[in-house]
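Each chain is listed here by its residues.
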Amino acid sequence: MIVGDLEFKNYKILAELGAGANGVVYQAVNTILQREEAVKVWRSRSSRDFRNKIEQGLREAQKLARASPQFAVTVYSAQEFGGALIATMEYVAGKTLKWYQENSGPILRIQLAEVYLNSIVHTTTESTRHGDAHMKNVLVFEEKKTKHDTVLRMKFCDFGTSIYSGKEASEQRHWQIVRNTVISLTHGTENQEFCLSVLDKNWPIGRKMAMDAYAARENGIDFSDLDIAQMWAAPLKDYINDLKILEWQKAGRVGS
Ligand SMILES: Nc1ncnc2c1ncn2[C@@H]1O[C@H](COP(=O)(O)OP(=O)(O)O)[C@@H](O)[C@H]1O
Ligand SMILES: [Mg+2]
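Given the structure is predicted, the values throughout are model-derived calculations rather than measurements. (Residues numbered from 1 in each chain as written. Chains lettered and ligands numbered in written order. Predicted model: local features only at pLDDT ≥ 70, side-chain atom pairs only at ≥ 80, totals over all residues. Heavy atoms only, no water.)

### Digging into the nonpolar core
Among the nonpolar cores identified, the biggest contains 54 residues, and Leu97, Tyr116, Trp175 and Tyr239 are the most heavily contacted of them. No other element matches helix α6 (residues 225-250), which puts 9 residues into this core. When residues of this core are assigned to domains, at least three fall in each of domain 1 (2-90) and domain 2 (95-250). Counting 11 residues, the second-largest nonpolar core is a separate cluster that includes Tyr11, Val39, Ala84 and Ile86. (Core = buried A, V, L, I, M, F, W, Y, C linked by side-chain atoms within 4.5 Å. Buried < 20%, exposed > 50% of the residue type's maximum accessible area, 1.4 Å probe, protein only. Helix = DSSP H or I, 4+ residues; strand = E, 2+ residues; numbered from the N terminus. Domains from an automatic or database assignment.)

### Concerning the site of ligand 1
Taken together, 15 residues sit near ligand 1, with Lys40, Glu90, Lys136, Asn137 and Asp158 positioned nearest. One of the backbone N or O atoms of Glu90 is found 2.7 Å from a nitrogen atom in ligand 1. Here Val92 contributes a backbone N or O atom positioned 3.0 Å from a nitrogen atom of ligand 1. Coverage of ligand 1 by the protein chains reaches 86% of its 550 Å² of free accessible surface. (Near = heavy atom within 4 Å. Polar contact = N/O pair within 3.5 Å; in protein donor to acceptor, adjacent residues only side chain to side chain. Areas by Shrake-Rupley, 256 points an atom, 1.4 Å probe, with all protein chains shown as cover.)

### Concerning the sheet that holds strand β3 (residues 11-19)
Pairing within the open sheet is antiparallel, and its 5 strands lie in the order β3-β4-β5-β7-β6. A single partner strand is all that each edge strand has here, and the edge strands are β3 and β6 (75-81). Along the sheet, successive strands turn relative to each other by an average axial angle of 25 degrees, direction set aside. In this structure, β6 lies alongside strand β7 (residues 84-90), joined through 6 bridges in antiparallel fashion. Note that in β7 the partner of Val75 across the bridge is Met89. (Pairing = 2+ DSSP bridges. Axes fitted to C-alpha atoms, helices over the stretch in contact; angles between N-to-C directions.)

### Brief notes about the coordination of the magnesium ion (ligand 2)
At 2.0 to 2.2 Å from the magnesium ion (ligand 2) lie its protein donor atoms, namely Asn137 (OD1) and Asp158 (OD). Linking Asn137 in the loop between α3 (106-123) and β9 (138-146) with Asp158 in the loop between β10 (149-156) and α4 (167-185), this pair joins segments that are 21 residues apart in sequence. Taking relative accessible area as the criterion, Asn137 reaches 5% and is therefore assigned buried. (Donors = N, O, S within 2.8 Å, 3.2 Å for Na, K, Ca; no water.)

### Digging into the packing of α3 against α4
Two elements in contact, α3 and α4, have axes whose closest approach is 9 Å; the angle formed by their N-to-C orientations is 165 degrees. As the angle between them shows, α3 and α4 are arranged roughly antiparallel. Every pair of crossing elements has a handedness; the one defined by α3 and α4 is right-handed. Across the interface between the two elements, Arg109, Leu112, Ala113, Tyr116, Leu117, Ile120 and Val121 of α3 pack against His174, Trp175, Ile177, Val178, Thr181, Val182 and Leu185 of α4. (Parallel < 35°, antiparallel > 145°, perpendicular 65-115°, else oblique. Left-handed = near helix turned anticlockwise from the far one by under 90°. Contact = heavy atoms within 4.5 Å.)

### Concerning the layout of surface pockets
Size it by volume and the largest pocket reaches roughly 800 Å³. Considering the residues around the largest pocket, the lining is formed by 34 residues, among which Val25, Lys40, Asn137, Cys157 and Asp158 are closest to the centre. When contributions to the lining of the largest pocket are tallied by element, the ones reaching two or more residues are β3, β4 (23-30), β5 (35-42), α1 (50-66), β7 and β8 (95-96). Of the residues belonging to the lining of the largest pocket, the class tally is 13 nonpolar, 13 polar and 8 charged. (1 Å grid on protein atoms, 1.4 Å probe; cavity = no way out; pocket = protein on both sides within 12 Å on 5 of 7 lines; lining within 4 Å. Points joined across faces, edges and corners; volume = space filled by probe spheres on them. Nonpolar A, V, L, I, M, F, W, Y, C, P; charged D, E, K, R; others polar.)

### With respect to the pairing of β5
The side chains of a regular strand alternate, residue by residue, between the two faces of the sheet. Within β5, 6 of the 8 residues are buried, which leaves it mostly tucked inside the rest of the structure. Sheet analysis places β4 next to β5, joined by 8 bridges and oriented antiparallel. By the bridge assignment, Val25 is partnered in β5 with Lys40. Counting the residues in the hairpin turn of β4 and β5 gives 4 residues, including Gln34, whose phi is positive at 55 degrees. With 6 bridges joining them, β5 and β7 adopt antiparallel strand pairing. From the neighbouring strand, Val39 faces β7, where its bridge partner is Thr88.

### Digging into the packing of α3 against α6
The contact between α3 and α6 brings their axes to 9 Å, and the two run at 170 degrees. Comparing the axis directions of α3 and α6 gives the class roughly antiparallel. Contact with α3, carried on its side by Pro106, Ile107, Ile110, Gln111, Ala113, Glu114, Leu117, Val121 and His122, involves Leu226, Ala229, Gln230, Ala233, Leu236, Lys237, Ile240, Asn241, Leu243, Lys244, Glu247 and Trp248 of α6 and no other residues of that element.

Shown next, in the form of structure tokens:
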């Protein structure tokens with residue numbers, strides 16, 4: 001694999017997985033370990049701000065390294081190379097949540113919203129808050145439980161660097177994106193509008209509880225990051241449950 005004019009040794013590119021403003025992500029083979037990995041190369045388009053991208057890539061890789069491998073792609077290495085920042089990481093063989101949103105019926109989308117929210121709750125800590133958890137930054141994959149039983153799981157990629165832009169603002173922004181994602185994932189489900197009106201009413205309550213818990217924490221009361229994430233998530237959890245009941249009723253699985 002060539003980066004700049006240098007050969008990034010022992011990696012063979014198989015395909016480009018995505019390219020954005022910050023760089024490119026490849027599916028590649030680690031030829032020494034003989035396994036597939038993902039390689040992200042942060043590099044700027046203009047030669048003038050490449051420092052910037054290296055910094056940005058480094059922060060993102062460090063944040064990824066702090067996140068639980070249960071819910072985030074595992075980062076294997078990060079280094080400056082050929083004028084870019086390169087991180088090698090776990091390759092998740094699956095599809096983005098965006099793909100599932102576009103190709104699934106309402107019941108599966110509601111179930112995915114549930115899995116998504118649970119994954120968010122378990123990765124939202126002060127040092128690992130995603131900050132940009134929209135559907136293209138969520139990888140969905142199948143995990144075989146038993147011979148006949150497969151469950152869908154999710155891992156986040158592309159961790160933003162929002163922890164550096166003020167705690168309260170980045171916390172709010174993070175949860176706003178989570179909320180928008182849950183809403184668009186469940187778009188067009190039975191009675192969504194009614195459930196949304198309940199969500200709109202409850203959302204500020206969850207936010208206030210979370211903010212109060214932060215304040216209490218400063219005064220020595222021991223709320224964990226998980227407690228606070230659950231406060232933020234509670235109105236969304238209720239929203240998903242309401243949708244579920246209505247959609248299940250429609251499908252005739254539960255008597256009305
Ligand atoms: N570890 C990975 N395994 C599989 N696919 C990945 C992985 N990381 C990224 N991708 C895919 O590549 C796309 C772009 O990666 P991302 O890190 O979001 O880059 P960008 O900063 O350009 O948005 C993602 O939307 C996803 O489809
Ligand atoms: Mg992305």
